[in-house]
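# Notes for the structure review
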Amino acid sequence: MSALDSAFLSRLHAAAPGGVIDDPAERLTYESDALVHLRATPGAVVLPASAAEVQAVVRLCHERGVPFIARGHGTGLSGGALPHPDGVLIGLARLNRILDVDVPNLRVTVEPGVTNLDITRRVAPFGCYYAPDPSSQSVCSIGGNIAENSGGAHCLKYGFTVHHVLSVEAVLPDGTLTTIGSSALDAPGLDLLGVLVGSEGTLAVVTKAALRILRRPEAVLTLLAGFPSIDAAGDAVSAIIGHGIIPAAVEMMDRLTIDAAEASVQPNFPKTSAVLIVELDGPQSEVDDLFVTVERVCRQAGAETVEIARDQGQRERIWKGRKAAFAAMGRVSPNYYVQDGVVPRTRLSEVLRRIRDLEARSGLRIGNVFHAGDGNLHPLICYDEAIPGQAQHAEAVASEILQYCIDAGGAITGEHGVGADKKSYMSKMFADADLDTMQLVRCAFDPANLCNPGKVFPTPRLCGEVPGPYRQHPVERAGLGERF
Amino acid sequence: MDANEQTPFATLAPLEPLMDKCVHCGFCLPTCPSYLLLGKEMDSPRGRIYTMRAGMEGRVDMSAPVVAHFDTCLGCMACETACPSGVKYAPLIEETRAAIEAHHPRPLGARLFRQLLFAVLPYHRRLRVLGAPLGLARALRALLPARLQRLIDLAPRATLSDLRITTAELTPARGEQRLKVGLLTGCVQRAFFGSVNEATVRVLAAEGCTVHAPRAQGCCGALALHAGEPDTARRFARALITVFEREGIDAIAVNAAGCGSSMKEYGHLLRDDPAFAERATRFASKVKDVTEILTTLPARVARKPMPLRIAYHDACHLGHAQGVRRQPRELLQSIPGVTLLPVAESDICCGSAGIFNLVQPEMSDALGARKAAYLAETGPDMVVTSNPGCILQIQAAAARAGTPLVVRHIVEVLDEATRGM
Ligand SMILES: Cc1cc2nc3c(=O)[nH]c(=O)nc-3n(C[C@H](O)[C@H](O)[C@H](O)COP(=O)(O)OP(=O)(O)OC[C@H]3O[C@@H](n4cnc5c(N)ncnc54)[C@H](O)[C@@H]3O)c2cc1C
Ligand code: SF4
Ligand code: SF4
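Parameters at a glance
- Residues numbered from 1 in each chain as written.
- Chains lettered and ligands numbered in written order.
- Predicted model: local features only at pLDDT ≥ 70, side-chain atom pairs only at ≥ 80, totals over all residues.
- Heavy atoms only, no water.
- Helix = DSSP H or I, 4+ residues; strand = E, 2+ residues; numbered from the N terminus.
- Buried < 20%, exposed > 50% of the residue type's maximum accessible area, 1.4 Å probe, protein only.
- Contact = heavy atoms within 4.5 Å.
- Areas by Shrake-Rupley, 256 points an atom, 1.4 Å probe, with all protein chains shown as cover.
- Pairing = 2+ DSSP bridges.
- Axes fitted to C-alpha atoms, helices over the stretch in contact; angles between N-to-C directions.
- Near = heavy atom within 4 Å.
- 1 Å grid on protein atoms, 1.4 Å probe; cavity = no way out; pocket = protein on both sides within 12 Å on 5 of 7 lines; lining within 4 Å.
- Sits in = over half its atoms within 2 Å of the grid points.
- Nonpolar A, V, L, I, M, F, W, Y, C, P; charged D, E, K, R; others polar.
- Buried area = accessible area lost by both parts, 1.4 Å probe.
- Salt bridge = Lys/Arg side-chain N within 4 Å of Asp/Glu carboxyl O.
- Polar contact = N/O pair within 3.5 Å; in protein donor to acceptor, adjacent residues only side chain to side chain.
- Points joined across faces, edges and corners; volume = space filled by probe spheres on them.
- Patch = residues over 30% accessible without salt bridge, like charges linked within 9 Å, V, L, I, M, F, W, Y side chains within 5 Å.
- Domains from an automatic or database assignment.
- Phe/Tyr/Trp six-rings, centres within 6.5 Å; stacked < 30°, edge-to-face > 60°.

Attention now moves to the overall build of chain B. Scanning chain B from N- to C-terminus turns up 26 helices and 9 strands. A total of 421 residues make up chain B; the buried ones form 56% of that total. In chain B, 79% of the contacts between residues at least 6 apart in sequence involve partners at least 24 apart. Summed over all atoms, the accessible surface of chain B reaches about 16,800 Å², with 56% contributed by carbon and sulfur.

With that settled, the discussion passes to the sheet that holds strand 2 (residues 44-46) of chain A. All names here are of chain A. Pairing within the open sheet is mixed, and its 4 strands lie in the order 1-2-4-3. Where the open sheet ends on each side, the last strands, each with one partner, are strand 1 (20-21) and strand 3 (68-71). Here helix 3 (residues 51-64) sits on the sheet in contact with strand 2, strand 3 and strand 4 (88-91), set at roughly 165° to strand 4.

Hydrogen bonds between backbone groups are what pair the strands of a sheet, and the pairing can be parallel or antiparallel. All names here are of chain B. Spatially, 4 strands are ordered 7-6-8-9 in an open sheet, and the strand pairing comes out parallel. Looking at strand neighbours, the two that pair on one side only are strand 7 (338-341) and strand 9 (407-409), the edges of this open sheet. Strand-to-strand twist across the sheet, computed as the mean angle between neighbouring axes with direction ignored, equals 35°. This element, helix 25 (residues 388-400), spans strand 8 (382-385) and strand 9 of the sheet and lies at about 175° to strand 9. Its contacts with the sheet put helix 26 (residues 410-418) on strand 8 and strand 9, and the angle it makes with strand 9 is roughly 80°.

Residue and element names in this part refer to chain B. Close contacts around ligand 2 come from 13 residues, with Cys 22, Cys 25, Gly 26, Cys 28 and Cys 83 the closest. According to the grid-proximity analysis, the pocket containing ligand 2 is the largest cavity. Taken together, the residues of the shell around ligand 2 break down into 9 nonpolar, 3 polar and 1 charged.

Attention now goes to the interface of chain B and chain A. In this complex, chain B contributes 29 residues to the contact, which on the side of chain A involves 34 residues. Each partner contributes to the roughly 2,400 Å² buried at the junction of chain B and chain A, and carbon and sulfur atoms together form 56% of this total. Counting every contact that joins chain B to chain A gives 2 salt bridges. A:Glu31 is the salt-bridge partner of B:Arg59, the closest N and O atoms lying 2.5 Å from each other. The interface formed by chain B and chain A holds 12 residue pairs in polar contact (both at pLDDT 80 or more) in total. Contributions of two or more residues to the side of chain B that touches chain A are made by helix 3 (33-38), helix 4 (45-56) and helix 5 (64-71) of chain B. Here the element with the most residues in the side of chain B that touches chain A is helix 4 of chain B; it accounts for 5 residues. Its residues placed into classes, the side of chain B that touches chain A shows 15 nonpolar, 8 polar and 6 charged.

The next thing to look at is empty space enclosed by the protein. Residue and element names in this part refer to chain B. Counting across every chain of the model gives 7 cavities of 30 Å³ or more. Reported here for the largest cavity is a volume of approximately 110 Å³. If you trace the largest cavity, you find 15 residues lining it, with Cys 22, Cys 28, Ile 49, Cys 83 and Val 87 closest to the centre. For the lining of the largest cavity, the element with the highest residue contribution is helix 4, accounting for 3 residues.

Glancing now at the environment of A:Ser50. Mapped onto the fold, A:Ser50 is located in the loop between strand 2 and helix 3. As a C-alpha pair, A:Ser50 and A:Val332 span 282 residues in sequence and 42 Å in three-dimensional space.

Residues and elements named next belong to chain A. A cluster of nonpolar residues, Leu 190, Leu 192, Val 195 and Val 441, forms a patch on the protein surface that exposes about 350 Å² of accessible area. For Leu 192, the location among the structural elements is in helix 7 (residues 192-196). Judged by its relative accessible area of 38%, Leu 192 falls in the partly exposed class.

The subject of this paragraph is the domain arrangement of chain A. Residues and elements named next belong to chain A. The domain boundaries assigned to chain A delineate domain 1 (6-91), domain 2 (98-215), domain 3 (217-329), domain 4 (333-429) and domain 5 (430-478). Together domain 4 and domain 5 conceal approximately 720 Å² of surface at their shared face, both sides included; 64% is due to carbon and sulfur atoms. Its largest share of buried area at the contact with domain 5, domain 4 owes to Lys 423, Met 426 and Met 429, together 65% of the area lost on that side. Across the contact surface, domain 4 and domain 5 share 0 salt bridges. Applying the counting criterion to the domain 4 and domain 5 interface returns 3 residue pairs in polar contact (both at pLDDT 80 or more). Here the residues of the side of domain 4 that touches domain 5 are counted per class, giving 4 nonpolar, 2 polar and 2 charged.

Another point: the site of ligand 3. All names here are of chain B. Every residue lining ligand 3 is accounted for by Cys 32, Pro 33, Pro 45, Arg 48, Cys 73, Leu 74, Gly 75, Cys 76, Met 77, Ala 78, Cys 79 and Tyr 89. Cavity membership is defined here by more than half of the atoms lying within 2 Å of grid points; on that basis ligand 3 lies in the second largest cavity. Those elements that place two or more of their residues in the shell around ligand 3 are helix 4 and helix 6 (78-82). Of the residues that constitute the shell around ligand 3, the class distribution is 10 nonpolar, 1 polar and 1 charged.

All names here are of chain A. Along strand 12 (residues 219-227), 8 of the 9 residues are buried, which leaves the element largely enclosed by surrounding structure. Sheet topology places strand 12 next to strand 14 (residues 274-282); 9 bridges connect them, and they run antiparallel. Counterpart to Ala 225 in the pairing with strand 14 is Leu 276. Judged from the 4 bridges that link them, strand 12 and strand 15 (residues 305-308) form a sheet pairing that is antiparallel. Residue pairing across strands places Gly 226 opposite Thr 305, the latter belonging to strand 15.

All names here are of chain B. In this structure, Met 363 sits in helix 24 (residues 361-377). Considered as a pair, Met 363 and Leu 74 are 289 residues apart in the sequence and their alpha carbons are 9.7 Å apart. If we skip the residues at most four places from it in the chain, Met 363 touches Ser 34, Leu 37, Leu 38, Thr 72, Leu 74 and Phe 356.

For any pair of aromatic rings, the description consists of the separation of the ring centres together with the inter-plane angle of the planes. Residues and elements named next belong to chain A. Taken as a whole and assessed by the stated rule, the structure comprises 3 aromatic pairs over all chains. Centre to centre, the rings of Tyr 129 and Tyr 158 are 6.4 Å apart; their planes meet at 85°, and the pair counts as edge-to-face. With Tyr 129 in strand 7 (residues 128-129) and Tyr 158 in helix 6 (residues 155-158), the pair connects residues that are 29 residues apart, well separated along the chain. For Tyr 158, a relative accessible area of 21% corresponds to the partly exposed category.

Next comes the structure, spelled out in structure tokens:
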């Protein structure tokens, strides 16, 4: 039974008429996002049909001290939308309207439940598109993208979600409906929008967003190269970027992930140990020119096959293969865990070598698919839940990989967020002083700690709690900086 | 006692490996018509699979709300197409529906209505008997209960000549025989779309197929199977296999997508029947949609030009369930003068879905309206599809929206293009 009392529930029904799901069997289906090993049945689920209803729900939660958690389409990979058993899960799936398309100003205004790809579909007839393209773009919501600052293959050249959000309308944890950011490309004052994007639903519930759209480049050229080894493919990436070329995308897949993609959507990739997908875009003459260099560099690095997508159909086939890669792992392994880490590009091959050693040592297969241009790794650790202890073993392996990323000067997440899954790693990356500072920001928005509590931060220090005696920051200790 | 023994979902246990394939990624959500309309996780493929597992594990009962979310599934199989992980949803939903019909008492009205449907729909003779007085029923429509009104509204306005058509049992190939083909004449198809069967026979014969259409054949069992009545479906399947085995044919041509997709799965349906398992698999391997057969036979007959802008609608049971999308398009494009128009949301169901339009009228109408609008938006001269249910549904929805559309079965168009050549 729900821990929320009947008085609360009847007020919830009044706040979002027809949108409350309180049947225990129905609530069960909201237990987890795409990270299935973390689950909790929400106390209640509510699917508001307007921003005003979201506001009414948040106000009620604020008044009654009930935790609330926003959820888009539940594709998150870090348990960001993991429900609270005594809280309200606010599902934004019904807020799925594209409110305005302003082509002359290259801007769209959407509700948070609109999927990423729907925006591109809607503006495509005008020769435009929405640039950030997570592999889950056909499903994931803009609200989720903003919360996670999601990225995708084309973020190497075009930037992450944060670079494409102009303003958001959001309900703050006390129930205030406010607009953050402006329709201009840069707004005066503190960059609160930059704080909100990537805050994983811990600062506010987004109810509307104004986003930049871009004009389709004149030419797009996609090249698929097969390499004898991951190292050779990695060399090619370094050489391409070393030539001063910023491709629209550079993606790498290894044999295991290629096999999974083949079993799923038959992209017809070469039978080599690794493939590289390189996409160039821009004016036709520039693309033609750069392509010559890219092809030469790939061949010099040892490419065994180089294939060029001749038409839209072929391009789509290649990208379908890449984008299906995670979920297609279900074809080759009973269970898998998607890790997400990032390292400076120049340290890629070193980290990959350590992962390969770990694979041999652990006895678990590890597939690698990644945004090579950004140094954003996605090792896929295969395991079988039915074998006792293997799930824990996989988790330990995944965690060791994060340590490699930290060792190489990288970070514990490139784009999937910290959520509930990685909060304990935050203290490996940040000193207590850093975490305390982040908490100060968080407390400014959510002093009662009701907005997606228990996520991102390792030990939820209560707001107003004294952070303890002054401790020297590691940067100070190392003599690299001083307190002023 | 073990939880598994008590739960009414226990029969799902052997299918657990199929559920394990679901990695909860959500890629199936945007193509699921019920999620599109209702926006609830329980009405999505991911949510339904989650509930099946919870049911099997004894975490949820077969309560009315749980059953309601399985009832909203159209069985369109768009989720199978969308799933990168290769989840086989069809056997899961079939088994779940069977469990529901076995354990869940439905209200009397709903039960009688379903019984009426199953007593009439699969039997072409009963349908035909019903067809003649349908005109009278239309006149008295206002006096009938809402559910029956709907049945009458959706029923095709068959002409008397349609009702009288009986397909010849044997039609020789024109010219040298290339294939010996059996034709499933169907139940609804045979009663109301006799002209589609006639067209199928003519096109196949023109392309060098000898066509056997045994009069003794009955329903393929698809309607029963999709509604959770597997025993009835198995009875129909055995009879059909036996009838066609007598003819010694190379392929069985089907012009109704829902029938074809079920017949291709006979091997699975009869897997536990020692007398039939092997025969069913052999039979299933010969089942082909008529467009599959025609594309494997290089055209012998020239096609006369038809200057038409055509919006092709993929029937879910052809596109999603059988993966047949290329063949009908190729055939249409083989007609000089035909322009195929791209249709938005072409992977979403029109809402017909077997008996769905009769048991879930609101959702079905909403999907029909959506489909009709996207089709009308292309400004077509004609909408072409390959399933009788879709034809009725799209015609009715377009008429309701005030944008009537001409909807034809693909073999009728091919027949027209090859006639007199
Ligand atoms: C197969 C697969 C591939 C993926 N590929 C990528 C990829 O290439 N790049 C990438 O970056 N991610 C990827 N992801 C992760 C995921 O799709 C993204 O994180 C996405 O942005 C989540 O969107 P969602 O709508 O599913 O959000 P949810 O999973 O529902 O929620 C995610 C977080 O956002 C918060 N949230 C949701 N809506 C709102 C709102 N309106 N206001 C405030 N907070 C909100 C939630 O509280 C939660 O913390 C992938 C996931 C899968 C399953
Ligand atoms: S797409 Fe497949 S694996 Fe993903 S949630 Fe749907 S059924 Fe499960
Ligand atoms: S069969 Fe169709 S309606 Fe049913 S879950 Fe799959 S996509 Fe949804």
